[in-house]
Amino acid sequence: DGGVGAGKRGVRVPEQKRLSGRERDQDPMAAAETDDMGELLRLHAAAIDKLKAEVGTAELERSGLDEIALLRYVLSYKEEYGNAAKAIKERSDWREANADLVQCVRDGKGPEELFSKKDYAALSKFVVVGQWPTLLGGVQPLFVVRAGLSNTKELMQQVEPETMQKFMLFHRERIFQQIDKATRETKRLVKSYTVNDLNFVSVSNMQDKRFSKALGGASAMSEKMYPQMLEAAVMINVPRIFAALFSFFKLFLPKRTLAKIKVCPGRTLTQPLSKCPFVRARGLAAEELPVFLGGTGTTPDGYFGGVPLQATAMADAVGPDGLATKVVKAGKRAEVVYPVTSAGCVFMYELEVEAHGIQAEALFVPEQGPEVALVPMFKHKAEGGPAKGRVKVPGTSGVVKLVLDNSYSYTTAKTVRYDASVVDGDVAQHLEADT
């Protein structure tokens, strides 16, 4: 790995507090407050040796952990060598059982390559999360959760808690591989940040016990597999109902995770970024942070986590008329995906465009095999009123994609209001009889 010395040129690594020699002598574990890897490895050499002895030669070889990786366990578990050794064994067990996930991340592939089409359709539709494309200080990953735009109740109707947990761990594995690489390149102990944006959040949507179980399980496994990964988990745009939300979620989170959580009192919709003490203390530039968090950073297509940067409503949030709303940008296409889980299903839809027109089609994408056109592409105009239909799905497992195509319009965005679903055949017959 080229040894441990000066930082990599051209990379701005945020500086942390330096300790005096007297401070280190009084509390060797406090050396974690420095990020210099050479200094950390020297100060904790004896602790690393003790951990190696506790883990044993066979498990060390199985885990593939070197001294740089073991240092993170020493810093997290301090002198609890038995617990650290147990965590390392559980890490090895998990990585062997989830070799597909680990290899997927190593190969630079996305979660769509790991999960079934049905599960990924639900995950990508109802959870607005992802790594922000700009690294803080040029080196630290920023993972963003837009809780107010994530429809966890609907999500957990469509995926199992184990699937949700694996999705969370996929993202953490990807970030940990990045910070491990950055640590070796910069010779600094690099960690990541998580920001949970609570704008537009509701209590009822966030109090799903199945989702909380998945979150708690992922956090517990992360402690064992990804020590010293997180610098802080920042909660921002905190609503007045935060106390109720947090009292619920903290029941499912490990103590070490809770200790990393920081609450920012700022409101990014009404206050400038320059007021944020976190930003000032770290010398972060506005362009490093997302525009929806008060920065000026954007993405090439204006989307993050599958939704527009300026989105204010969760997926499938409906108005009083029962229709959801989607704005399709000029020159773009939008897709809404619905899982198919059994034979004999029927796809039902209704849509209308507020002005001008929109092209639309519906496709069935099976788990295996080519796409099938359920509703061929058609042009729907505002003056035509709602377009409605129902069609049988010719398969047992996969997804139906409702495609809203505005690629032909180079200057005008279109606002589409819609309601669609995949229902069992007997349900469709019942609905048809009622209407």
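> Got a sec to walk through the overall build of the protein? Specific residues and values, please.
Counting its regular elements, the protein contains 16 helices and 15 strands. A separation threshold of at least 6 residues defines the contact pool for the protein, and within that pool the share at least 24 residues apart is 78%. By element, 52% of the accessible surface of the protein is carried by carbon and sulfur atoms, the whole surface being about 20,800 Å².

> Hey, could you go over the packing of helix α10 (residues 161–186) against helix α12 (residues 209–225) for me, with residue numbers and the actual values?
At a closest axis distance of 8 Å, the pairing of α10 and α12 adopts a crossing angle of 35°. As α10 runs across α12, the sense of the crossing is right-handed. The segment α10 lies against α12, with Pro 161, Met 164, Gln 165, Met 168, Leu 169, Arg 172 and Phe 176 engaging Arg 210, Phe 211, Ala 214, Leu 215, Gly 217, Ala 218, Ser 219, Met 221, Ser 222 and Met 225. Per-class residue counts for the contact of α10 with α12 are eleven nonpolar, four polar and two charged.

> Kindly report on the packing of aromatic side chains, identifying the contributing residues and their values.
One pass over the full model with this rule turns up eight aromatic pairs. Taken together, a centroid distance of 6.0 Å and an interplanar angle of 65° make the contact between Phe 115 and Phe 167 edge-to-face. Taken together, the residues Phe 115 in the loop between α7 (99–106) and α8 (117–126) and Phe 167 in helix α10 connect sequence positions 52 residues apart. Among the aromatic residues, those joined into a cluster by ring pairs are Trp 132, Phe 292 and Phe 304.

> Mind laying out the layout of surface pockets, listing which residues take part and the relevant values?
Quantified by volume, the second largest pocket comes out at close to 950 Å³. Lining the second largest pocket we find 32 residues, and of these Gly 306, Val 307, Lys 326, Glu 335 and Val 336 sit closest to its centre. Of all the elements in the fold, those that place two or more residues in the lining of the second largest pocket are α8, β7 (307–308), β8 (324–328), β9 (333–340) and β14 (398–405). Looking at the lining of the second largest pocket residue by residue, the class counts come to 18 nonpolar, six polar and eight charged.

> Go over the environment of Ile 179, please, and point to the residues and values.
Tracing the backbone through its elements, the reader meets Ile 179 in helix α10. Separated by twelve residues in sequence, Ile 179 and Lys 191 place their C-alpha atoms 6.1 Å apart. Non-local contacts of Ile 179, meaning those with residues more than four positions away in its chain, are made with Arg 72, Pro 141, Val 190, Lys 191, Ser 192, Gln 228 and Met 229.

> An account of the confidence of the model for the protein is needed here, citing residue identities and associated values.
Mean pLDDT over the protein works out to 84, with 83% of the residues at or above the 70 mark. Mean pLDDT in the protein bottoms out at helix α1 (residues 21–26), which sits at 39, and peaks at helix α3 (residues 45–55), which reaches 98. Counted against residues more than four places away or in other chains, residues 1–32, with its pLDDT under 50, gives 62 contacts.

> Requested: an account of the side chain of Ser 92, with residues and values cited.
Tracing the backbone shows Ser 92 in helix α6 (residues 81–97). Among the residues examined, Ser 92 registers a relative accessible area of 4% and is labelled buried. Once you skip the residues sitting within four places of it in the chain, Ser 92 turns out to touch Glu 59, Arg 62 and Ser 63.

> Summarise α8; cite the residues concerned and give the values.
Owing to its 3.6 residues per turn, the α-helix brings residues three or four apart onto one side. Burial runs high along α8: seven of the ten residues are buried. Within the span of α8, buried status applies to Lys 118, Asp 119, Ala 121, Ala 122, Leu 123, Lys 125 and Phe 126. Those residues of α8 that are buried are in contact with α9 (152–158), α10, β9 and β14.

> Tell me what's going on with empty space enclosed by the protein, and back it up with residues and numbers.
Enumeration according to the criterion identifies two cavities of 30 Å³ or more in this entry. Looking at the largest cavity, its volume works out to about 140 Å³. Every residue lining the largest cavity is counted, twelve residues in all, and those nearest its centre are Val 195, Ile 236, Phe 278, Leu 289 and Leu 293. Taken together, the elements giving at least two residues each to the lining of the largest cavity come down to β3 (192–197), β4 (230–236) and α15 (277–282).

> Please give an account of the sheet that holds strand β12 (residues 372–381) that cites residues and values.
In space, the four strands of this open sheet follow the order β9-β14-β11-β12, with antiparallel pairing throughout. On the outer flanks of this sheet lie β9 and β12, each paired with one strand and no other. The sheet shows a mean angle of 15° between the axes of neighbouring strands, taken without regard to direction. Summarising the sheet, strand β11 (residues 357–366) and β14 pair through eight bridges and their orientation is antiparallel. The residue bridging Ala 362 from the neighbouring strand is Leu 402, located in β14.

> Go over the sheet that holds strand β1 (residues 129–131), please, and point to the residues and values.
With mixed pairing, the five strands of this open sheet are ordered in space as β1-β2-β3-β4-β5. Either end of the sheet is taken by a strand with one partner, and the two such strands are β1 and β5 (261–263). On average, each strand axis in the sheet is inclined to that of its neighbour by 20°, with strand direction left out of account. As judged from the three bridges shared by β4 and β5, these two strands associate in the parallel manner. Considered in β5, the bridge of Ala 233 is made with Ile 261. Each of β1, β2 (142–146) and β3 is contacted by α10, which is oriented at about 10° to β1, the strand it contacts most.

> Explain unusual backbone geometry to me, using residue names and the numbers behind them.
Even without a glycine there, the phi angle at Gln 228 is positive, about 60°. Along the chain, Gln 228 turns up in the loop between α12 and β4. Classification of Gln 228 as buried rests on a relative accessible area of 13%. Backbone geometry at His 356 places phi at a positive 65°, although glycine is not the residue there. Considering the arrangement of structural elements, one finds His 356 in the loop between β10 (346–353) and β11. For His 356, a relative accessible area of 52% puts it in the exposed group.

Each value, and the rule that gives it
Residues numbered from 1 in each chain as written. Predicted model: local features only at pLDDT ≥ 70, side-chain atom pairs only at ≥ 80, totals over all residues. Heavy atoms only, no water. Helix = DSSP H or I, 4+ residues; strand = E, 2+ residues; numbered from the N terminus. Contact = heavy atoms within 4.5 Å. Areas by Shrake-Rupley, 256 points an atom, 1.4 Å probe, with all protein chains shown as cover. Axes fitted to C-alpha atoms, helices over the stretch in contact; angles between N-to-C directions. Left-handed = near helix turned anticlockwise from the far one by under 90°. Nonpolar A, V, L, I, M, F, W, Y, C, P; charged D, E, K, R; others polar. Phe/Tyr/Trp six-rings, centres within 6.5 Å; stacked < 30°, edge-to-face > 60°. 1 Å grid on protein atoms, 1.4 Å probe; cavity = no way out; pocket = protein on both sides within 12 Å on 5 of 7 lines; lining within 4 Å. Points joined across faces, edges and corners; volume = space filled by probe spheres on them. pLDDT = per-residue confidence, 0-100. Buried < 20%, exposed > 50% of the residue type's maximum accessible area, 1.4 Å probe, protein only. Pairing = 2+ DSSP bridges.

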